[in-house]
Amino acid sequence: MKLIITTIFVLTSLVSFGQSPVLDDLWKLYGSRDYDKVIEKAKPHLDNDSIKVDLNLLLGRTYADKADFKTAIPFLEYTVNNTPDNSWRKAWALGYLGACQFMLQNYNDSRKVIKECFDLNTTKNVSRYAYSKILLFGFDDFYKDWKIVESEHFRFHFQHMDDSDIESYIASREAAFQNINIFFDSELPKKIDFFVWNSKEDAKELLRTNLGFADPHFCIVHSHYQQTIGHEMTHVISNYSTNMIQKTGLINEGTSVCFDQTNQDKEQIVKDWLKNNDKKLTISDIWTNWKNYPDELTYPLAGLFVKELIDNFGKEQFIEFFSNQTYDNAKSVFGDKLDKLINDFENEINI
């Protein structure tokens, strides 16, 4: 299913309160997600007492968004300890600190700090951030009777599932993880917190979205127990296979479909859809206008296309390309053979 992005909150207020030009420029740079440049330019100003709290908050958030959670913590703690309780700076520092503790698997500390952030109720943006993490991380009271079971690569959260079913469910997901990561060879920062919902209706009411989805940055999956074994975990595993720069629907979803561990005849599904709707497909248009097409076409199609890329160019070139999933980067990595592959693929599908 569609990837849910809950990680990045850009605070426009931080660059509009007449702060120093240094801070204005740094927060704008942060908003562009050029995190390495933020760190490089911010550190020389850390001894400036007039902006020290803000710079620590900025650096803490930057390191957290870079998935360097351990390094982020001292900067966030400095902000927490040097601002008043009603400060939005303290609230944001607490929110990010709780997220970092979650990624270090300090779950009790994470729960405490994120709820403290929410209870401060300083601004709508930071309160929304905290509440989204309470729901995403399983800290809401709704989850209090869920069963938590850890395995080698997962921390499962089960909503009303029999023990006999839990055992087989875990075994199948562990096997899928091993199969998928043979290709990606990823090192995840923590176990995948895998929420297994018994009720789609409960999930929709609480989370305000449909199952299933992943938040790869936080190594989290929320899935109905009957959904595909490998799709959502592939989002997490693949996200940590390289330094992600830009994702596209065609490649990112296609990769998860390609590794979803099902035996669906995706080619026949695509051909039937095109025939029934009297359509011809163009990869270039789907690549750039992903949301204009229905999921029942794009998902199996994208899975087929990603498989073609892997089969023709191999693992190393695919991973090199995967960090920046645009057509322009594909041309840079794969060369002139890419357009021939696309042409042949379209001719095969558009029969």
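Now for a look at the structure at hand.

About the cut-offs
- Residues numbered from 1 in each chain as written.
- Predicted model: local features only at pLDDT ≥ 70, side-chain atom pairs only at ≥ 80, totals over all residues.
- Heavy atoms only, no water.
- Helix = DSSP H or I, 4+ residues; strand = E, 2+ residues; numbered from the N terminus.
- Rg over C-alpha atoms; globule rule 2.2 N^0.38 Å.
- Buried < 20%, exposed > 50% of the residue type's maximum accessible area, 1.4 Å probe, protein only.
- Contact = heavy atoms within 4.5 Å.
- Areas by Shrake-Rupley, 256 points an atom, 1.4 Å probe, with all protein chains shown as cover.
- Lys, Arg positive; Asp, Glu negative; His and termini not counted.
- Charge placed at Lys NZ, Arg CZ, Asp CG, Glu CD.
- Pairing = 2+ DSSP bridges.
- Axes fitted to C-alpha atoms, helices over the stretch in contact; angles between N-to-C directions.
- Phe/Tyr/Trp six-rings, centres within 6.5 Å; stacked < 30°, edge-to-face > 60°.
- Core = buried A, V, L, I, M, F, W, Y, C linked by side-chain atoms within 4.5 Å.
- Expected span 1.5 Å × (residues − 1).
- Salt bridge = Lys/Arg side-chain N within 4 Å of Asp/Glu carboxyl O.
- Parallel < 35°, antiparallel > 145°, perpendicular 65-115°, else oblique.
- Nonpolar A, V, L, I, M, F, W, Y, C, P; charged D, E, K, R; others polar.

### What about the overall build of the protein chain?
For step 1, the next point in the chain: When you go through the protein chain residue by residue, the secondary structure sums to 16 helices and 5 strands.
For step 2, the next point in the chain: The C-alpha atoms of the protein chain give 22 Å as radius of gyration, which agrees with the globular expectation for 351 residues (20 Å, within 12%).
For step 3, the next point in the chain: Across its three principal axes, the protein chain shows a C-alpha extent of roughly 65 × 50 × 35 Å.
For step 4, the next point in the chain: Considering the protein chain as a whole, with its 351 residues, one finds that 54% of them fall into the buried category.
For step 5, the next point in the chain: For the protein chain, the share of sequence-separated contacts (at least 6 apart) that also reach a separation of at least 24 residues comes to 66%.
For step 6, the next point in the chain: With the model as given, the accessible surface of the protein chain reaches about 16,800 Å², and the carbon-plus-sulfur share is 45%.
For step 7, the next point in the chain: Charged side chains of the protein chain number 39 positive and 52 negative; the gap between the two group centres comes to 4 Å.

### Comments concerning the sheet that holds strand β1 (residues 147–150)
For step 1, the next point in the chain: A sheet is described by the order of its strands in space; here 5 strands give the open sequence β1-β2-β3-β5-β4, paired in mixed fashion. Two strands close off the open sheet at either side, each with one partner strand: β1 and β4 (213–215). This sheet shows a mean twist of 15 degrees between the axes of neighbouring strands, independent of strand direction.
For step 2, the next point in the chain: Relative to strand β3 (residues 192–197), strand β2 (residues 154–158) runs parallel, the two being bridged by 5 bridges. Of the residues in β3, the one forming a bridge with F158 is V196.
For step 3, the next point in the chain: Along the sheet, helix α7 (residues 124–136) contacts β3, β4 and β5 (220–224); its crossing angle with β5, the most-contacted strand, is approximately 60 degrees.

### Re the packing of aromatic side chains
Centre-to-centre distance and the angle between the planes together describe a pair of aromatic rings.
For step 1, the next point in the chain: Enumeration over the complete set of coordinates arrives at 42 aromatic pairs.
For step 2, the next point in the chain: Here the aromatic rings of Y30 and Y35 are separated by 5.7 Å at their centres, their planes lie at 45 degrees, and the arrangement is tilted. In this pair, the class of Y30 matches that of Y35, namely buried.
For step 3, the next point in the chain: Residues F137 and F139 carry aromatic rings whose centres are separated by 5.8 Å and whose planes lie at 80 degrees to one another, so their mutual orientation is edge-to-face.
For step 4, the next point in the chain: Taking the relative accessible area as the measure of exposure, F137 reaches 1% and is therefore buried.

### Comments concerning the side chain of N324
For step 1, the next point in the chain: With respect to the helices and strands, N324 occurs in the loop between α14 (295–322) and α15 (327–334).
For step 2, the next point in the chain: Residue N324 is classed as buried on the basis of its relative accessible area, which comes to 19%.
For step 3, the next point in the chain: Residues in contact with N324, not counting those within four places in the same chain, are I245, Q246 and N329.

### Points about the nonpolar core
For step 1, the next point in the chain: F305 and L309 are the most contacted members of the largest nonpolar core, which has 114 residues in total.
For step 2, the next point in the chain: When near neighbours in sequence (up to four residues on either side) are disregarded, F305 contacts L250, I251, I283, W287, L341, I342 and F345.

### Comments concerning α7
For step 1, the next point in the chain: For α7, with 13 residues, the first-to-last C-alpha span of 18 Å sits near the 18 Å given by 1.5 Å per residue.
For step 2, the next point in the chain: Buried within α7 we find V126, S127, Y129, A130, K133, I134, L135 and L136.
For step 3, the next point in the chain: Buried residues in α7 make contact with α5 (88–103), α6 (107–120), β3, α9 (200–207), β4 and β5.
For step 4, the next point in the chain: In the stretch just after α7, G138 is the one whose phi turns positive, near 85 degrees.

### Description of the pattern of salt bridges
For step 1, the next point in the chain: Across all of its chains, the model carries 15 salt bridges by this definition.
For step 2, the next point in the chain: For D260, the salt bridge identified is with K266, shortest N-O distance 4.0 Å. The pair formed by D260 and K266 is uniform in burial state, with each residue classed as buried.
For step 3, the next point in the chain: Taking the shortest distance from any N to any O, the salt bridge between K331 and D336 comes out at 3.7 Å.
For step 4, the next point in the chain: On the basis of relative accessible area, K331 is assigned to the partly exposed category, the value being 25%.
For step 5, the next point in the chain: Judged by its relative accessible area of 67%, D336 falls in the exposed class.
For step 6, the next point in the chain: Among the charged side chains, a network of salt bridges with common partners joins R155, K190 and D193.

### What to know about the pairing of β1
For step 1, the next point in the chain: Taken together, the 4 bridges between β1 and β2 define a ladder with antiparallel strand orientation. Across the sheet, E150 pairs through a bridge with R155, a residue of β2.

### Considerations on the environment of S256
For step 1, the next point in the chain: Counting through the fold element by element, S256 comes out in helix α11 (residues 249–258).
For step 2, the next point in the chain: On the basis of relative accessibility, which here comes to 0%, the residue S256 falls in the buried class.
For step 3, the next point in the chain: Sequence separation of S256 and G303 is 47 residues, and the distance between their C-alpha atoms is 7.3 Å.
For step 4, the next point in the chain: Look past the residues within four positions of S256 in its chain and what remains in contact with it is H231, T234 and H235.

### Things to note about the packing of α14 against α15
For step 1, the next point in the chain: Taken N-terminus to C-terminus, the directions of α14 and α15 make an angle of 105 degrees; their axes are 10 Å apart at the nearest point. Judged on the interaxial angle alone, α15 and α14 are roughly perpendicular. On α15, the residues touching L309, F313, Q317, F318, E320 and F321 of α14 are N329, A330, V333 and F334.
For step 2, the next point in the chain: Of the residues that constitute the contact of α14 with α15, the class distribution is 7 nonpolar, 2 polar and 1 charged.

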